[in-house]
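# Structural description and commentary
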Amino acid sequence: MCVFLANSLIAFLAPSEFQELVCGSFLANILPVSVETFVTFIGINDFSVAVLLLLGWRTSRVAMYATTWMVGVIAVVGVFSLEALEHLGFLSMTVALMMWGDTE
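Residues numbered from 1 in each chain as written. Predicted model: local features only at pLDDT ≥ 70, side-chain atom pairs only at ≥ 80, totals over all residues. Heavy atoms only, no water.

### A closer look at the environment of Gln19
One can find Gln19 in helix α2 (residues 15–23). In this structure the C-alpha to C-alpha distance between Gln19 and Thr37, which are 18 residues apart in sequence, comes to 9.7 Å. In this structure Gln19 touches Val35, Glu36 and Val39, once residues within four positions along its chain are discounted. (Helix = DSSP H or I, 4+ residues; strand = E, 2+ residues; numbered from the N terminus. Contact = heavy atoms within 4.5 Å.)

See below:
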């Protein structure tokens, strides 16, 4: 949850970090919107995921979406990069939440 909240804040307060990342990837060539708009979407997306996880609302389903999002992030940063290795830890957390999230 904290990772998504932190990424959301970065997207809103220091968008150039995400803009550089997106511009340097294959994603910049296939986006139907501008990179700046996409970074705003990243901020809204990550904030929404953080809030939903904090509230515990349909945790398994939110974690399933977050898992898909993390796979996309790893594809954008490059599967065989150090940043991808960093994101594997977050991916494993979302998978764990997906599997055991709604144990009520």
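Right, picking up where we left off after that structure.
### Topic: helix α1 (residues 2–13)
For α1, spanning 12 residues, the distance from its first C-alpha to its last is 16 Å, which sits close to the expected 16 Å at 1.5 Å a residue. Burial in α1 covers these residues: Phe4, Ser8 and Ala11. The buried side chains of α1 occupy one side of the element, clustering within an arc of 65° when seen end-on. Residues of α1 that are exposed and point more than 90 degrees away from the buried face comprise Cys2 and Leu13. Packed against the buried residues of α1 are α2, α4 (35–55), α5 (59–77) and α6 (82–100). (Expected span 1.5 Å × (residues − 1). Buried < 20%, exposed > 50% of the residue type's maximum accessible area, 1.4 Å probe, protein only. Arc of directions from axis to C-beta.)

### Quick look at the confidence of the model for the chain
A residue-level look at the chain finds 96% of positions with pLDDT of 70 or above and a mean pLDDT of 92. Ranking the helices and strands of the chain by mean pLDDT puts α4 first, with 97, and α6 last, with 88. (pLDDT = per-residue confidence, 0-100.)

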